[in-house]
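Listed below are the residues making up each chain.
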Amino acid sequence: MGRCCAIIDPICADHDNPSHPESNARLVNACSGIPRNISLSLSEPALREDVERVHDPGYLFWLEQRCAATRNLDWLDSDTYISPRSFEVALHAAGAAVAAVERSMDGEHCFALVRPPGHHAEFDRAMGFCLINNVAVAAKKALEHVDTIAIVDWDAHHGNGTQNSFYGTDRVLYCSVHQEHFFPYSGTIDETGIGDGKGYTINAPLQAGSAITDYQYVFSEIFIPAIERFSPDVMIVSAGQDILFDDPIGRMEIRPQDFELLTRMLVQGAGVPLALVLEGGYGPSHGAAIHHIFAGLTYEGEVKAPELPSERTRTIVSLLKSGHNLC
Ligand SMILES: [Zn+2]
């Protein structure tokens, strides 16, 4: 279980806007945290048919044309930019997520450290810095070979696009912990899935300023028991480090070393190797956080019991426990 690798790609630099928080510089900072002994490989672009399991072919055609017609920089909405090669880069980011999941199915932890991020991208539209939903593409492809997948999304923002991709299925357990009353303003605790998917979406919105005690409590009381009950064949982490204390966008209080604990908890709870895919994370300590995630992947000791978190987090957890029958 200790083996791990990373997927990177210099092509990510071809989708860039240096004056935007989601710039290539933030990926360079993140990748500075990859330990030297981790084996690296380059991404391959995702196949169109794999991306079309998640996105409307008409949207993909439109996006490709929009990028090709862009001279330097253009905007799809007030948050989301494209540059001329963005479509190609986004295909590589999705391909890296696919490869990370395949590596995990082969028995090693794998972290796809690529951009643009994906978890806000919807069926037929880009959103929130995201063009193609990397994690959803990788998960839908993996479902061709396995029965069940758990996705944990610890990004400060709710992963609306990922949630919507699997909202009606009992084959994917989507667990998101995020900052409440924050973009994209979805992810309330009563969003739990529909039809066959009822109960297979778990949202834990936490108040701004939440720290590791709050996250550890949500993991130990809700996410880990739900994952153990679900017993997934594949475990994917939407790893957004914009919950760091020094992030310019998120307002959480996670320290870089806290990611080691969160990672260890998922490694122990999942029982299968983790596939991690980069989402947000814009602060100066992002590289240090990535280093601690790799430390968590290779750690083999015990995880200590959590301290009690804030009153507000305990209330959210107790509502989730009864709502998801985890008492
Ligand atoms: Zn985010």
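For clarity, every value in this text was computed on a predicted model and none was experimentally measured.

Participant: Teacher, can you tell me more about the environment of Asp 147 here?
Facilitator: Along the polypeptide, Asp 147 turns up in the loop between α5 (134-142) and β6 (149-153). Measuring from C-alpha to C-alpha, the distance between Asp 147 and Cys 175 comes to 17 Å, with 28 residues separating the pair along the chain.

Participant: How do you make sense of the packing of aromatic side chains when you look at a structure like this?
Facilitator: Here a ring pair, both rings aromatic, is described through the centre-centre distance and the interplanar angle of the planes. Enumeration over the complete set of coordinates arrives at 7 aromatic pairs. For the pair Trp 154 and Phe 259, a centre-to-centre distance of 5.5 Å together with 50° between the ring planes defines the contact as tilted. One end of the pair, Trp 154, is in the loop between β6 and α6 (160-165); the other, Phe 259, is in helix α8 (residues 258-270), with 105 residues separating them in the sequence. A residue is classified by how much of its surface remains accessible, and Phe 259, at 0% relative accessible area, is buried. Its guanidinium or amino end placed over the ring of Phe 245, Arg 255 lies 3.9 Å from that ring's centre, counting from NZ or CZ. Seen from the ring of Tyr 299, Arg 264 lies directly overhead, with NZ or CZ sitting 3.7 Å from the centre.

Participant: Any chance you could explain the coordination of the zinc ion here in plain terms?
Facilitator: The reference angle at a metal is 109.5 degrees if four donors form a tetrahedron and 90 or 180 degrees if six donors form an octahedron. Those protein atoms acting as donors to the zinc ion are Asp 155 (OD), Asp 155 (OD), His 157 (ND1) and Asp 242 (OD), and they sit at 1.9 to 2.8 Å. One can describe the site at the zinc ion as irregular: its 4 donor atoms subtend angles covering 52 to 153° at the metal.

Participant: Looking at this structure, I do not really get the environment of Ile 8. What am I missing?
Facilitator: With respect to the element layout, Ile 8 can be found in strand β1 (residues 4-8). Considered as a pair, Ile 8 and Glu 253 are 245 residues apart in the sequence and their alpha carbons are 28 Å apart. Among residues more than four places away in sequence, those in contact with Ile 8 are Cys 31, Ile 34, Leu 40, Ser 41, Leu 42, Ser 43, Leu 113 and Val 114.

Conventions adopted
Residues numbered from 1 in each chain as written. Predicted model: local features only at pLDDT ≥ 70, side-chain atom pairs only at ≥ 80, totals over all residues. Heavy atoms only, no water. Helix = DSSP H or I, 4+ residues; strand = E, 2+ residues; numbered from the N terminus. Phe/Tyr/Trp six-rings, centres within 6.5 Å; stacked < 30°, edge-to-face > 60°. Buried < 20%, exposed > 50% of the residue type's maximum accessible area, 1.4 Å probe, protein only. Lys NZ or Arg CZ within 6 Å of the ring centre and 35° of its normal. Donors = N, O, S within 2.8 Å, 3.2 Å for Na, K, Ca; no water. Tetrahedral: all angles 85-135°; square planar, octahedral: opposite > 155°, others 65-115°. Contact = heavy atoms within 4.5 Å.

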